[in-house]
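As a plain string of letters, each chain reads:
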Amino acid sequence: MRFRILYFLMLIFTNFACSSEDSKSINDTFVFEDIYTFKNKKNLSIELDSLTYTGNSCSQYFEQDTASFFIFNNPKTNTIYIHEFKNFKYVRKIILPFDGSMGVGQMEGYYVHNFDSIFIPSTSHQTMYMVNIEGRILQKYKYKLNNKNDVVQIMFSSYNKPSFIDNKLYCATPPQGNKDKSSTVQVLNLNNKEWTSMIPLSQKYDEGFYGAPNFYNTYKTVNYLKKNIYISFPVDNYIYEISAKDKVNKYYAGSKYLKDVKPMAKRTFQVLFQDYDRFFRKSPSYSSIIYDKYRDIYYRIAQRGISNDLIDSKDNLKNGLKPFSIIVLNNKFRKVGEITLPDYTYAWQCIIPVREGVLIKNFKTKRDKEDDDHDYFDLFEVVENKK
């Protein structure tokens, strides 16, 4: 009992010391030209079969020749569904066995480079698989383990896709043990089948211990024309550009709605799940960085902390879902907008640039309709404000 009291006193003290709202932030004073906004253009829905998991987190817009496709998966059944994008018409599905000679274990997302090179990460098998549209395994790439107790976790999602540059696959991965010097990107060289590591956590993590694993995620995107990778860390107002020559540049990409993200404590300490989870929900944070190649601009997601009056609400949506805004950066990485959408309506995890605009999953329509047979999306036009 005494230990628990001391523990909570320490937690209260460190939270007060490290999370004070009084400190000034660059976000409070940064002035930017507000150029871009979103205009709702069209509401779309896609029909799901009776087995499809409606909460799938991996969707992809894919173009081949003159055709465009919308692809998503059902991780519960190891299935990838392919639809035409124009009218969401079903084309085919790829079913991947869990076991046997053609088994891939539990798929953790997918990435379609082309229909003969579909990458499937599997933590359970510690392997990256490359399959074709028939689901036949073409290659297996075992993860590199530094010792037998290591576990490498690579997961592909709508909000954190891999990048394919010069026959190398760049995959974001949680740092091992949340250590400052751990790499946050695993790179698969398809020429020699070897894995290498790159990109440590930003120096912002030197400020202290952030507790929740969510704070140690790495989000990335790629500009294929420049062959540069862009990294967003949840605790950092800046994003980082890594060039083909490993040169690193950083650019301000903070939110006018956020204070600086503060650590939970100065040093690592034992913390219960419910405490670091609550701390994460109350704290501001950043998540995905997305390159829109059709408009040559970038989007970064900024998440506001849940307010004190909602954190203990009995409404699981309001006490668990952090409201977000979309920061817009131009091709010179100047902030040129910050867009807000109605709270508790859209999923920041599924924001996908397409030729016609930006596709965002609308979970409110689905919830209001009590509909498990469809997924709903809004297609937004990216509008440049006229002076």
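Refer to the structure above for everything that follows.
Keep in mind the model is a prediction, meaning the values are calculated, not measured. The residue numbers shown here count from 1 along each chain, following its written sequence. The predicted nature of this model means local features are confined to residues of pLDDT at least 70 and side-chain atom pairs, given and counted, to a pLDDT of 80 or more, with totals for whole chains, interfaces and linings taken over all residues. Excluded from the side-chain calculation are hydrogens and water; included are all heavy atoms of the structure.

**Quick look at the pairing of strand 13 (residues 194-200)**
Filter applied, for reference: Being paired, for any two strands, means DSSP has found at least two bridges between them. Runs of H or I in DSSP of at least four residues are treated as helices and runs of E of at least two as strands, each being numbered from the N terminus.
Pairing of strand 12 (residues 183-189) with strand 13, which is carried by six bridges, proceeds in the antiparallel orientation. Along strand 13, the bridge assignment pairs serine 183 with proline 200.

**Regarding the packing of aromatic side chains**
Put simply, the rule is: Ring pairs are drawn from Phe, Tyr and Trp, using the six-membered ring of Trp, whenever the two centres fall within 6.5 Å, and their geometry is named by plane angle: stacked under 30 degrees, edge-to-face over 60, tilted for the rest. Note on exposure labels: buried denotes an accessible area under 20% of the residue type's maximum, exposed denotes more than 50%, and partly exposed covers the range between, all computed with a 1.4 Å probe on protein chains only. Lysine and arginine charges are scored as sitting over a ring when NZ or CZ, respectively, is within 6 Å of the ring centre and within 35 degrees of the ring normal.
Counted by the stated rule, this structure contains 35 aromatic pairs. Ring geometry for tyrosine 61 versus tyrosine 294: centroids 6.3 Å apart, planes at 75°, classification edge-to-face. Here the residue tyrosine 61 occupies a position in strand 2 (residues 59-64), and tyrosine 294 occupies one in the loop between strand 18 (285-292) and strand 19 (297-303), the gap between them amounting to 233 residues. Taken together, a centroid distance of 5.4 Å and an interplanar angle of 80° make the contact between phenylalanine 69 and phenylalanine 115 edge-to-face. Taken together, the residues phenylalanine 69 in strand 3 (residues 67-74) and phenylalanine 115 in the loop between strand 6 (111-114) and strand 7 (117-122) connect sequence positions 46 residues apart. Judged on exposure class, the residue phenylalanine 69 and its partner phenylalanine 115 are both buried. Taken together, the ring pairs connect Tyr61, Phe70, Phe72, Tyr81, Phe85, Phe88, Tyr294 and Phe377 into an aromatic cluster. In this structure, lysine 250 is placed above the aromatic ring of tyrosine 238, and the distance from its NZ or CZ to the ring centre is 4.5 Å. Cation over ring: lysine 322 sits above phenylalanine 280, and NZ or CZ is 3.7 Å from the ring centre.

**Regarding the sheet that holds strand 10 (residues 163-165)**
Rules: Note on method: axes are straight lines fitted to C-alpha atoms, helices fitted across the in-contact stretch only, with angles between N-to-C directions ranging 0 to 180 degrees.
As summarised here, the arrangement of the four strands in space is 10-11-12-13, forming an open sheet in which the pairing is antiparallel. Two strands bound the open sheet, and with one partner strand each, they are strand 10 and strand 13. Put simply, the sheet's adjacent strands are angled 25° from each other on average, direction ignored. One ladder, built from three bridges, connects strand 10 with strand 11 (residues 168-172); its direction is antiparallel. Bridge pairing links isoleucine 165 to lysine 168 in strand 11.

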